[in-house]
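Survey of secondary and tertiary structure
What follows is the residue order along each chain.
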Amino acid sequence: MSKLTLALRTAARRVGLSLAIAVLLFALATIATARSGDRSLWPPAPGVPRTEVFVVGHGYHAGIVVPRAALAEQASRRGLSALGYLATRFADFDRLEIGWGDERFYREVPTAQSLTVALAMRALFRPGNPSVLHVVGVKGDPRAMFANSDVARVNVGEPGFARLADMLDATFARGQGRFVPEELGPGLYGTSLFFRATGTFHLFHVCNHWIADLLDAAGVPTAPVLATLPAGLLLDLKWRSSLLELSHDGTS
């Protein structure tokens, strides 16, 4: 065996070992940070009214789709001013897709092709990045509107949806003396608007973590490490939903 062949094999073993260690560490981090959810809220008990929520993965970003009428009901019942404003502002639509993220990145990167390394590094690593919410009107089944995106459906019970609505309402920033959210102009696609948001964006709190936090408030188990990327968030939700459907079918 030549020295070159031996060196290549040694390097390959080291790379393989490094990858194995990285996979193991990722798995351990996923398990260690996983949130078990609230069994009193999810899955919804038999007979409890349910709200159909969708999570849409757009490749590098994700949004949550909620029924406009359900937001209006929560706003009216519990005085959630931002949600009441949205329900009126988007009165012609069945549902709303809502996403959260870094203000500059969200507004300057409408597609993956617009992404630059400089923008991504600034958004992920610079402290104190201001954030925005992107709200899009959706008519009909969101799976039809977002036919080219990955979509997961999660049914949450009424008590869980109330908690989700609380957190969602609190994410809309209000100016001094204001009770309605601050509009920042047209959104990226469809009938949409940007709004000033609370919270700062960084590597450990990206848009997908925000959605996972909303679902966690509704009692749904989530895995923040997986949720760092939209694909991980969607994979986790689809896996849990599949288990729930199997349980309801009586086959598992």
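Here the structure is shown first, and the text comes after it.
Report on the accompanying structure. (Residues numbered from 1 in each chain as written. Predicted model: local features only at pLDDT ≥ 70, side-chain atom pairs only at ≥ 80, totals over all residues. Heavy atoms only, no water.)

1. Topic: the overall build of the protein
Broken down by element type, the protein carries nine helices and seven strands. Counting over 252 residues, the protein shows a buried share of 43%. By sequence separation, contacts in the protein at least 24 residues apart represent 75% of the contacts at least 6 residues apart. On the protein, roughly 12,900 Å² of surface is accessible, and the fraction owed to carbon and sulfur atoms is 61%. (Helix = DSSP H or I, 4+ residues; strand = E, 2+ residues; numbered from the N terminus. Buried < 20%, exposed > 50% of the residue type's maximum accessible area, 1.4 Å probe, protein only. Contact = heavy atoms within 4.5 Å. Areas by Shrake-Rupley, 256 points an atom, 1.4 Å probe, with all protein chains shown as cover.)

2. Points about helix H8 (residues 207-217)
Burial within H8 is extensive, with nine of its 11 residues counted as buried. Within the span of H8, buried status applies to Cys 207, Asn 208, His 209, Trp 210, Ile 211, Ala 212, Leu 214, Leu 215 and Ala 217. Downstream of H8 by one or two residues, Gly 219 has phi in the positive range, about 95°.

3. Let's talk about the side chain of Asp 102
Relative to the helices and strands, Asp 102 resides in strand S3 (residues 95-102). Overall, Asp 102 belongs to the buried group, its relative accessible area being 2%.

4. Quick look at the pattern of salt bridges
Scanning the entire structure with this criterion turns up 11 salt bridges. Between Glu 103 and Arg 196 there is a salt bridge, with its nearest N and O atoms 2.9 Å apart. Taken together, the residues span a long stretch of sequence, with Glu 103 in helix H4 (residues 103-108) and Arg 196 in strand S7 (residues 192-196) at a distance of 93 residues. Owing to a relative accessible area of 24%, Arg 196 belongs among the partly exposed residues under this scheme. Where Arg 143 meets Asp 141, a salt bridge forms, and the shortest distance between an N and an O atom there is 3.1 Å. The network of salt bridges with shared partners includes Glu 52, Arg 95 and Arg 153. (Salt bridge = Lys/Arg side-chain N within 4 Å of Asp/Glu carboxyl O.)

5. As for the side chain of Arg 95
Its location among the elements puts Arg 95 in strand S3. Classification of Arg 95 by relative accessible area gives buried; the value is 15%. Here Glu 52 takes part through its side chain, which lies 3.2 Å from a polar atom of the side chain of Arg 95. Apart from the residues lying within four places of it in its own chain, the contact partners of Arg 95 are Glu 52, Phe 54, Val 65, Val 66, Pro 67, Arg 68, Val 136, Gly 137, Val 138, Gly 140 and Pro 142. (Polar contact = N/O pair within 3.5 Å; in protein donor to acceptor, adjacent residues only side chain to side chain.)

6. Things to note about the sheet that holds strand S6 (residues 183-186)
Sheet architecture is open: seven strands sit in the order S5-S1-S2-S3-S4-S7-S6, paired in antiparallel fashion. Every interior strand has two partners, whereas the edge strands, strand S5 (150-157) and S6, have only one. Between one strand axis and the next, the sheet turns through 25° on average, direction left out of account. Bridging between strand S2 (residues 62-67) and S3 involves four bridges; their strand directions are antiparallel. (Pairing = 2+ DSSP bridges. Axes fitted to C-alpha atoms, helices over the stretch in contact; angles between N-to-C directions.)

7. Concerning the packing of helix H3 (residues 81-89) against helix H7 (residues 158-171)
The interhelical angle for the contact between H3 and H7, taken along N-to-C directions, is 85°, at an axis separation of 7 Å. On the basis of the axis angle, H3 is roughly perpendicular to H7. Within the contact between the two elements, H3 uses Ser 81, Ala 82 and Leu 83 and H7 uses Ala 165, Leu 168 and Asp 169. A class-by-class count of the residues in the contact of H3 with H7 yields four nonpolar, one polar and one charged. (Parallel < 35°, antiparallel > 145°, perpendicular 65-115°, else oblique. Nonpolar A, V, L, I, M, F, W, Y, C, P; charged D, E, K, R; others polar.)

Just distances and angles here, no functional claims.
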